[in-house]
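One-letter residues, chain by chain:
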Amino acid sequence: MARNPAARTALGPMVLSAVEQNEPADARLVDDDLADSFLPRPLRWFVGATRPAAVRRRLINVSEWAGRGLWANLVCRKRFIGDKLAEALDDVDTIVILGAGLDTRAYRLTRQVRIPIFEVDLPVNIARKAKTVRRVLGELPLSVRLVALDFEHDDLLTALAEHGYLPDYRAFFVCEGLTQYLTERGVRRTLEGLRAAGVGSRLVFTYVRRDFIDGANRYGTRMLYRSVRRRRQLWHFGLLPEEVSEFLAQYGWRLLEQAGPAELVQRYVEPTGRKLKASQIEWLAYAEKISDAPAAVNRSDGQSS
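Rules used throughout
- Residues numbered from 1 in each chain as written.
- Predicted model: local features only at pLDDT ≥ 70, side-chain atom pairs only at ≥ 80, totals over all residues.
- Heavy atoms only, no water.
- Salt bridge = Lys/Arg side-chain N within 4 Å of Asp/Glu carboxyl O.
- Helix = DSSP H or I, 4+ residues; strand = E, 2+ residues; numbered from the N terminus.
- Buried < 20%, exposed > 50% of the residue type's maximum accessible area, 1.4 Å probe, protein only.
- 1 Å grid on protein atoms, 1.4 Å probe; cavity = no way out; pocket = protein on both sides within 12 Å on 5 of 7 lines; lining within 4 Å.
- Points joined across faces, edges and corners; volume = space filled by probe spheres on them.
- pLDDT = per-residue confidence, 0-100.
- Contact = heavy atoms within 4.5 Å.

Q: Tell me about the pattern of salt bridges, residues and numbers included.
A: With the rule as written, the count across this model stands at 26 salt bridges. Measuring nitrogen to oxygen at the nearest pair gives 2.3 Å for the salt bridge that ties R57 to E23. On the criterion of sequence distance, the pair formed by R57 in helix 3 (residues 53-66) and E23 in the loop between helix 1 (11-20) and helix 2 (41-48) is long-range, its members being 34 residues apart. Given a relative accessible area of 5%, E23 falls into the buried group. Salt bridges linked by common partners bring R77, K78, D103, R105, E176 and E282 together as one network.

Below, the structure written as structure tokens:
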């Protein structure tokens, strides 16, 4: 399988989710009883070592040094997505998780619903996911379909259709921690693949601020910037909050809500009494499909074609 640097980043968010399970229930920012079991054994040992509160505090402090506020972002975005998905479950026919990594959401959802759930990711991540699910659950649930895809080059709708996706589905699309790893062309190609989604479909996605990608504002995370923009060139795409509505409208989506760091802290962190700040560099957007977009927009210069 081809190596891709972005494929190696799938473990980090799951480690954070697993560590969060060691928090008392009233202080926990995300509930995920499968997170620990989906990790490789050495990381399960690592998570187990964080059961003492002092060790967890030390780990969070270290993570803040590497990327200030990212701990809160990573776990709060999962809460936000979970909330939106819970609100919409009765109104959708399927769930599509783009850039699924090792996320456990699909397998927790099978306890609640019987609708098809599609997990889409790079071939190397899909192979790892299949192996992990079989190790943890014994077999892949019948309602979950694993779809291997290169977001930069493959056609999303075709790949989904090959695994049973129907174009008239009202779908709930989750795009968590993915867009920054794609080029603008890749992001637009992905949205183009969602153009045929049924009216009433929902889309929730995270994005990194474009001024961080450009280096105009590093928001106190210089080490992170050096890692993802200079040394490894992992992150490519960004938006500004004021651009999101128009950007989505090109593909027939209406922006319903955005959640930035202040909103995430107020909604999820403050009720726990924990003293965590969220990073300014990552935001969430939630949108509804209202129409077929009038023109294809898939060139990296953003012009209609």
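Q: Which residues make up the layout of surface pockets, and what are the values?
A: The space that makes up the second largest pocket amounts to roughly 290 Å³. Lining the second largest pocket are 14 residues, with K78, G82, D83, R105 and R108 positioned closest to its centre. Breaking the lining of the second largest pocket down by element, the ones donating at least two residues are helix 4 (70-88) and helix 5 (105-109). Considering each element in turn, the lining of the second largest pocket owes the most residues, 6 residues, to helix 4.

Q: Help me get a handle on the confidence of the model for the protein chain, residues and values and all.
A: With 93% of its residues at a pLDDT of 70 or more, the protein chain shows a mean pLDDT of 91. Low confidence marks residues 296-305, where pLDDT is under 50. Its contacts with residues over four positions away, or in another chain, come to 26 contacts.

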